[in-house]
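Chain by chain, the residues:
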Amino acid sequence: MAFSHDVIEELNLLLKFPAESLMQGLKIHHDATQSIVEAAARLYSKGLITQVDGGYLTDLGIDVVEHTRRINSAMNIKFN
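Notes on the structure in this doc start here. Note that this is a predicted model, so its numbers are computed, not measured.

Observations concerning the packing of helix α1 (residues 5–14) against helix α2 (residues 34–45)
- The interhelical angle for the contact between α1 and α2, taken along N-to-C directions, is 85°, at an axis separation of 9 Å. Between α1 and α2, the crossing angle belongs to the class labelled roughly perpendicular. Between α1 and α2, the contacting residues are Asp 6, Glu 9, Glu 10, Leu 13 and Leu 14 on the first element and Ser 35, Ile 36, Ala 39, Ala 40, Arg 42 and Leu 43 on the second.
- Here the residues of the contact of α1 with α2 are counted per class, giving six nonpolar, one polar and four charged.

Concerning the pattern of salt bridges
- For the coordinates displayed, the defined rule picks out five salt bridges.
- Asp 53 is the partner of Lys 27 in a salt bridge, and the nearest nitrogen-oxygen pair spans 2.3 Å. Note that Lys 27 is positioned in strand β1 (residues 26–27) and Asp 53 in the loop between β2 (49–51) and β3 (54–57), a separation of 26 residues in sequence.

A word on the nonpolar core
- Within the largest apolar cluster, twelve residues are counted, these being Leu 13, Leu 14, Phe 17, Ile 28, Ala 39, Ala 40, Leu 43, Leu 48, Ile 49, Leu 57, Ile 62 and Val 65.
- Of all elements in the fold, only α1, α2 and α3 (59–75) reach the threshold of two or more residues within this core.
- Top element by residues in this core is α2. It accounts for three residues.
- For Ile 28, the contacting residues outside a window of four places in its chain are Leu 13, Ile 36, Val 37, Ala 40, Asp 53 and Gly 54.

As for the pairing of β3
- Bridge analysis of β1 against β3 gives two bridges, and the strand direction is antiparallel. Paired with Lys 27 across the two strands is Gly 54, which belongs to β3.
- In terms of strand pairing, β2 meets β3 through two bridges, oriented antiparallel. Bridge assignment links Ile 49 to a residue of β3, and that residue is Leu 57.
- Connecting β2 to the next strand, β3, in antiparallel fashion are two residues.

What counts, and at which threshold
Residues numbered from 1 in each chain as written. Predicted model: local features only at pLDDT ≥ 70, side-chain atom pairs only at ≥ 80, totals over all residues. Heavy atoms only, no water. Axes fitted to C-alpha atoms, helices over the stretch in contact; angles between N-to-C directions. Helix = DSSP H or I, 4+ residues; strand = E, 2+ residues; numbered from the N terminus. Parallel < 35°, antiparallel > 145°, perpendicular 65-115°, else oblique. Contact = heavy atoms within 4.5 Å. Nonpolar A, V, L, I, M, F, W, Y, C, P; charged D, E, K, R; others polar. Salt bridge = Lys/Arg side-chain N within 4 Å of Asp/Glu carboxyl O. Core = buried A, V, L, I, M, F, W, Y, C linked by side-chain atoms within 4.5 Å. Buried < 20%, exposed > 50% of the residue type's maximum accessible area, 1.4 Å probe, protein only. Pairing = 2+ DSSP bridges.

Here it is, written out as structure tokens:
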């Protein structure tokens, strides 16, 4: 099964959460694209973030973003 466009948008948004501190979150501003607003709403409904417009990662969100970062890192390995 392939990743849907919506899931890819959600994963990309998760990658925007600061990696250096769990005490930092995201705020989706009023001028964000509709696709980002919708991705944040989906992440909120799935219990991955604390607010519909960003906020902080939940415990589940922290786990998912760690896996997302690993996948992203592995997929961006450059071979000679």
